[in-house]
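Per-entry structural report
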Amino acid sequence: MADRGSLIIVSAPSGAGKSSLIAAMIEARGRDKVQVSISHTTRAPRPGEVNGQHYHFVSQKEFMQLIDDHAFFEWAGVFGNFYGTSRHAVEAQQAQGVDVMFDIDWQGAQQIRKHEPDAISVFILPPSRAELERRLRKRGTDSEDVIAGRMAKAVAEMSHVHEYDYVIVNDDFDQALEELTAIVVSSRLRRAGQSLRHKAMLNELLAEGA
Ligand code: 5GP
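Cut-offs and rules
- Residues numbered from 1 in each chain as written.
- Predicted model: local features only at pLDDT ≥ 70, side-chain atom pairs only at ≥ 80, totals over all residues.
- Heavy atoms only, no water.
- Pairing = 2+ DSSP bridges.
- Helix = DSSP H or I, 4+ residues; strand = E, 2+ residues; numbered from the N terminus.
- Axes fitted to C-alpha atoms, helices over the stretch in contact; angles between N-to-C directions.
- Contact = heavy atoms within 4.5 Å.
- Near = heavy atom within 4 Å.
- Polar contact = N/O pair within 3.5 Å; in protein donor to acceptor, adjacent residues only side chain to side chain.
- Areas by Shrake-Rupley, 256 points an atom, 1.4 Å probe, with all protein chains shown as cover.
- Nonpolar A, V, L, I, M, F, W, Y, C, P; charged D, E, K, R; others polar.

1. Thoughts on the sheet that holds strand 1 (residues 7-11)
Strand order in the open sheet formed by five strands is 2-7-1-8-9, with parallel pairing between adjacent strands. Across the chains shown, the open sheet's two edge strands, defined by having one partner strand only, are strand 2 (34-36) and strand 9 (166-169). Neighbour-to-neighbour, the strand axes of the sheet open up by a mean angle of 25°, direction not taken into account. The pairing of strand 1 with strand 8 (residues 120-125) spans four bridges and is classified as parallel. Paired with Ile 8 across the strands is Ile 120, a residue of strand 8. Contacting strand 1, strand 7 (99-103) and strand 8, helix 4 (residues 106-115) crosses the sheet at an angle of about 160° to strand 1.

Structure below.
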């Protein structure tokens, strides 16, 4: 078996700082070591989002065809839109020995865990409800109803925190980044992967009568 990268699921409510943390982690560690999986979605691009970079933006019809073709590793309906992870893309990244991060919701996390028990899952929390609300408000001049809706969605996502292996509280960004990096680095040091990577060295170390 070739050297395969780890699968690292990262979930969080909107406002926890997940995307910035993932981007900073990949920047710091290097794209040759860790990459993010680029999902397909039926939602419209937000200003500044680039097709193929933030998401593969597809129509509902195209998404349904991909489901029929079994092209998804996992997929879910999230807040009225569909999101899915391409099986082929993940396998290609993993085969290069690159660790793959999934910025996905709790539904996708459940599906990946079921098929890939070695996948690691991380949940990122905001430090308090008040801070979460402050961060959700910062996003524009939305009505109280819109803010309340975002809070309710965030609480629904956070109710799945107990299903995850690791929890990071994103109060101080640099500390949260250090913690996420520590998880990714330690996933790389698990015995099964290390035995494959260092096969020749282990054989030499364990040779009898040397
Ligand atoms: P947004 O529309 O704000 O980019 O993402 C909304 C939610 O969908 C986030 O919680 C994000 O993690 C989740 N999401 C993004 N891509 C995927 C995916 O491929 N699968 C699943 N299950 N969730 C996803």
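Read on, since the account is not over.
2. Points about the site of the ligand
Within the structure, the ligand sits among 15 residues, and Lys 18, Ser 39, Arg 43, Tyr 55 and Tyr 83 are positioned closest to it. With respect to the ligand, the backbone of Gly 84 contributes an N or O atom lying 3.3 Å from an oxygen atom. Thr 85 places a side-chain nitrogen or oxygen 3.3 Å from an oxygen atom of the ligand. Out of a free accessible area of 510 Å², the ligand has 88% covered by protein chains. Of all elements in the fold, only strand 5 (72-78) and strand 6 (81-86) reach the threshold of two or more residues within the shell around the ligand. Per-class residue counts for the shell around the ligand are five nonpolar, four polar and six charged.

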